[in-house]
Amino acid sequence: MIWRSLKFRLLAAAAICIVGALAAYWLLLSQVFERHVSERLYSELQAHLNQLATRLEVSGDVDIKVSDPLDNPRFARPFGGLYWQVRTEKGTVFGSRSLWDQTIELPAGDNETGTIIRHRDISSNMGELMAIERSVRMGADTSGQRVQLVIAMDQNELAKARSSFAADVSVLVALLGLFLLAASAVQVFIGLRPLNTL
């Protein structure tokens, strides 16, 4: 009876340790994956931002426009999940066709010219957005008009990637947990076998 009680305790302790360790491992993997995907998406947004900046031009003395459409066709599709917006120092706002009649409102702040700022969980009529912004000066000197550039993406893309990864990893972690539990059970039974003679 004693060895049976001991066996149960050892198996319970092993199960608790294995489940706890695998749960922590699953959480860590999910966070690392989300950080990796987030960095990749922000890199894509920055590439679009650089393209937008190179296609800005001044029409006349004050009017600012984008000379050519950006390459990604999603910018031209209403609510296509990828958006650009330009806000001039005088308050004029215009953007991609994908924005339709909407605007992107970012948290207010005195951002330095040229500094790229990242945003997450931006509420809009297009859903939750992740975005980057940068202010630039139009003209050869620092006296030119200041313009805020924004590139945004549907944050649901990050959520979908995270959910898909979590589902795949959950299956692998569950299989690994079953293997470790089986191995622990074998070890306990074999290790306590000599107690059968007591």
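For clarity, every value in this text was computed on a predicted model and none was experimentally measured.

### Some details on unusual backbone geometry
Alright, step 1. You will see that Phe79, though not glycine, has its phi angle at about 55°, which is positive.
Alright, step 2. Tracing the chain through its elements places Phe79 in the loop between strand S2 (63–66) and strand S3 (82–88).
Alright, step 3. Taking relative accessible area as the criterion, Phe79 reaches 43% and is therefore assigned partly exposed.
Alright, step 4. Positive phi is not limited to glycine here, since Asp121 has a value of about 55°.

### Concerning the sheet that holds S3
Alright, step 1. If you trace the 5 strands from one edge of the open sheet to the other, you get S4-S3-S7-S6-S5, paired in antiparallel fashion. Looking along the sheet, the strands with just one partner apiece sit at the ends: strand S4 (93–95) and strand S5 (117–122). Adjacent strand axes in the sheet meet at a mean angle of 25°, parallel and antiparallel pairs treated alike.
Alright, step 2. Sheet topology places S3 next to strand S7 (residues 145–154); 7 bridges connect them, and they run antiparallel. Residue pairing for S7: Leu82 is matched across the bridge by Met153.

### Regarding the side chain of Arg55
Alright, step 1. By the secondary structure assignment, Arg55 is in the loop between helix H1 (2–54) and strand S1 (56–59).
Alright, step 2. When near neighbours in sequence (up to four residues on either side) are disregarded, Arg55 contacts Lys65, Val66, Ser67, Asp68, Pro69, Leu70 and Asp71.

### Thoughts on the pairing of S2
Alright, step 1. Burial along S2 is one-sided: the residues Ile64 and Val66 are buried and none of Asp63 and Lys65 is.
Alright, step 2. In this sheet, S2 lies alongside S1 in antiparallel orientation, the contact comprising 4 bridges. Within the sheet, the bridge partner assigned to Val58 lies in S2 and is Ile64.

Here is what the cut-offs are and how they apply
- Residues numbered from 1 in each chain as written.
- Predicted model: local features only at pLDDT ≥ 70, side-chain atom pairs only at ≥ 80, totals over all residues.
- Heavy atoms only, no water.
- Helix = DSSP H or I, 4+ residues; strand = E, 2+ residues; numbered from the N terminus.
- Buried < 20%, exposed > 50% of the residue type's maximum accessible area, 1.4 Å probe, protein only.
- Pairing = 2+ DSSP bridges.
- Axes fitted to C-alpha atoms, helices over the stretch in contact; angles between N-to-C directions.
- Contact = heavy atoms within 4.5 Å.

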